[in-house]
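Here is what each chain is made of, one letter per residue.
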Amino acid sequence: MTILIIPWVGCNIRCKYCFSRNLTHQPQKIPNIKLYRIEKTLRELLKSRKGADVVVHGGEPLALPKYLLEALFKIAYDANGRTSIQTNLYALDEDHIEMFKKYNVSVGVSIDGPPELNILRGFPDDPKLQKVYIKKVYENLDKLVAEKISTSVIAVLHKVNAGTAEAREKMKKWFIELADKGITQGRTNPLFDPFESPNVVKYRLTPEELAVAWEDFFRFFMEHPGMYWSPYKDVIDVMLGQSVSVCVFGRCDVFASEAAIAIYPDGTLGTCDRYYGFGLIRRQDPPLRLRDYILQRTECRGCKYWKLCRGGCPMEAPEGDWRRKTYFCKAYYRLFEVAEKYLKSLMPNIVLAHEVDYDWINEGHDPFKYIRYMRSTWRGVSGRLRLYREEKRETTKPRQSGFHGDVPHGDWTNHGDSG
């Protein structure tokens, strides 16, 4: 669950593919931001959504006057003890860094790879400004690292940075460089455009091209387990019965989204940031499963991975029609196929979530309980096992070579736990 505080949609750069460009690329005045209403709405949401991530979003939040930005950080910090921001980093300065430290702000950076591949962001139509943008953004990224600010990355995948094997190899080297700096978490989202503008679509990967890129990156990240990038870690999690950790694999009612809820400048509730430009006000009723009902009987009927995917993000559907599945269906399917083969090669007898033929949650029998106890299959396992043992007041003895506890192995084909 993510709660997005969206104080405005203004932006200080002009990315080529921005899906909100009809708003962000226009001159914007600071709206009448009603801080007390935002705070009231946030506290109400958190009553039933403990542990939710609160993100100051935009537009570009660092382009706001600093007193407003600090007020938003304080609201989120006082209500939740922490907050986050999603930013292009172009306007970052020392004052912002001090705010990050003061209000326990983790920073999500929008950047599409090394400088030579990050050319669709910034000011791609103005070479002089683009040069300034490139220099400042990468310098500011290093400042966050030097100040030990918790930092992650969202990279949009397109023909420039993922359309060729050569580009993907450069991206892999960049992932490693980020990890060496201490930035080990991120997401790679496919470029999409609900308006199907020819000037944007020409940079969009086809479903087949995205499938090749995702499979390539999946294999890379499996060989580098210290990096926690989405959607590669997410396909592993959902196949092992974990709760959905990224919204594109969740059921989405675009009029009452639960994966992401936006708080507008006047404190009213909207849906996720992808629908902000459409002016949707969030319906107060519980989320409906209407999209599920439609897709199970139409485009997703009989799909092997339906339980895991649910049709993907409705905003990625052709022409933004929420009743249809994502344009990138073939790529998601390939990613699940590759992940399934990977898991089966490691654990041949494992039963994966899409193979369970009953609704284990509603029936009260959870075949994935041993995994669900952990927040993620990727990190914190040893710490959570230690806490579990302490809670149960269990002690463990070091195992001696050749023994299962205090019982000799004997014949390895008959351990008693491998029937």
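Here, residues in each chain are numbered from 1, in the same order as that chain's written sequence. With pLDDT at 70 or above as the cut-off, local features in this predicted model cover only qualifying residues; side-chain atom pairs require 80 or more to be listed or tallied, and sums for whole chains, interfaces and linings still use all residues. The basis for the side-chain values is all heavy atoms of the structure; hydrogens and waters are excluded.

Asker: Whenever I open this one, the sheet that holds strand 8 (residues 260–263) confuses me. Can you help?
Answerer: Strands are labelled as partners when DSSP assigns at least two bridges between them. Each helix corresponds to a stretch of at least 4 residues labelled H or I by DSSP, and each strand to a stretch of at least 2 residues labelled E; elements are numbered beginning at the N terminus. Strand order in the open sheet formed by 9 strands is 7-6-5-4-3-2-1-8-9, with mixed pairing between adjacent strands. Edge positions in the open sheet fall to strand 7 (228–230) and strand 9 (269–270), since each of these has one partner strand only. Alignment of strand 3 (residues 83–87) against strand 4 (residues 105–110), held across 5 bridges, turns out to be parallel. If you follow threonine 87 over to strand 4, its bridge partner there is valine 109. For this analysis, residues touch if any pair of their heavy atoms sits within 4.5 Å. Here an axis means a line fitted to C-alpha atoms, over the contact stretch when the element is a helix, while the angle between two N-to-C directions is reported on a 0 to 180 degree scale. Strands strand 5 (151–157), strand 6 (185–190) and strand 7 of the sheet are contacted by helix 10 (residues 232–239), whose axis makes an angle of about 85° with strand 7.

Asker: I'm lost on the packing of aromatic side chains in this one. Help?
Answerer: We describe a pair of aromatic rings using the distance from one ring centre to the other and the angle between the two ring planes. Two rings from Phe, Tyr or Trp (for Trp, the six-membered ring) form a pair when their centres sit within 6.5 Å of each other. Planes less than 30 degrees apart are called stacked, planes more than 60 degrees apart edge-to-face, and all others tilted. Following the criterion strictly, the structure yields 22 aromatic pairs and no others. Seen from their ring centres, tyrosine 90 and phenylalanine 123 are 5.6 Å apart, and the 65° between their planes marks the pair as edge-to-face. Here the residue tyrosine 90 occupies a position in the loop between strand 3 and helix 4 (94–102), and phenylalanine 123 occupies one in the loop between strand 4 and helix 5 (127–146), the gap between them amounting to 33 residues. For the exposure calls, accessible area comes from a 1.4 Å probe over protein chains only, and a residue counts as buried if that area is under 20% of its type's maximum, exposed if over 50%, partly exposed in between. Taking the relative accessible area as the measure of exposure, phenylalanine 123 reaches 11% and is therefore buried. Aromatic side chains phenylalanine 255 and tryptophan 322 sit 5.9 Å apart centroid to centroid with 85° between the ring planes, which places their arrangement in the edge-to-face category. Of the two residues, phenylalanine 255 sits in the loop between helix 10 and strand 8 while tryptophan 322 sits in the loop between helix 12 (306–309) and helix 13 (329–346), which places them 67 residues apart along the sequence. Taking the relative accessible area as the measure of exposure, phenylalanine 255 reaches 31% and is therefore partly exposed. When its relative accessible area of 23% is taken as the criterion, tryptophan 322 is described as partly exposed. Following the ring pairs from residue to residue traces out a cluster consisting of Trp174, Phe175, Phe217, Phe220, Phe221, Trp229 and Tyr232. Our definition puts a charge over a ring when NZ of Lys or CZ of Arg is within 6 Å of the ring centre and also within 35 degrees of the ring normal. The side chain of lysine 136 reaches across the aromatic face of tyrosine 90, ending 4.5 Å from its centre. Over the face of the ring belonging to tyrosine 327 we find arginine 204, whose NZ or CZ atom lies 4.1 Å from the ring centre.

Asker: Mind showing me how you'd approach the environment of alanine 52 here?
Answerer: Along the polypeptide, alanine 52 turns up in the loop between helix 2 (35–47) and strand 2 (53–56). You can call alanine 52 buried: its relative accessible area is 3%. The sequence separation of alanine 52 and threonine 2 amounts to 50 residues, and the corresponding C-alpha distance is 5.6 Å.

Asker: Help me out: how do you make sense of a nonpolar patch on the surface in this one?
Answerer: Side chains of Leu288, Leu290 and Tyr293 sit close together on the surface and give an oily, nonpolar patch of about 310 Å² of accessible area. Structurally, leucine 288 is set in the loop between strand 9 and helix 11 (290–297). Patches draw on residues past 30% relative accessible area with no salt bridge. Two like charges within 9 Å are joined, as are two nonpolar side chains (Val, Leu, Ile, Met, Phe, Trp, Tyr) within 5 Å. Surface exposure here means Shrake-Rupley accessible area, sampled with a 1.4 Å probe, where a residue is shielded only by the protein chains that are shown. When a carboxyl oxygen of Asp or Glu is within 4 Å of a side-chain nitrogen of Lys or Arg, the pair counts as a salt bridge.

Asker: Would you take a moment to explain the environment of leucine 72 for this structure?
Answerer: Relative to the elements of secondary structure, leucine 72 occurs in helix 3 (residues 66–80). By relative accessible area, which is 1% here, leucine 72 ends up buried. Remark: the alpha-carbon pair of leucine 72 and valine 55, spanning 17 residues in sequence, is separated by 9.9 Å. Apart from the residues within four sequence positions on either side, leucine 72 is in contact with Ile5, Pro7, Leu35, Ile38, Val56 and Leu64.

Asker: Sorry, what's going on with the pairing of strand 8 here?
Answerer: Each regular strand carries side chains that alternate between the two faces of the sheet. The alternating pattern of strand 8 places Ala260 and Ala262 and Ile261 and Ile263 on opposite faces, both of which are buried. As paired strands, strand 1 (residues 2–5) and strand 8 are joined by 4 bridges and run parallel to one another. Within strand 8, the residue paired with isoleucine 3 across the bridge is isoleucine 261. Bridging between strand 8 and strand 9 involves 2 bridges; their strand directions are antiparallel. Among the inter-strand pairings, alanine 262 is bridged to a residue of strand 9, identified as glycine 270. Between strand 8 and the antiparallel strand that follows it, strand 9, lie 5 residues; glycine 267 among them carries a positive phi value of about 90°.

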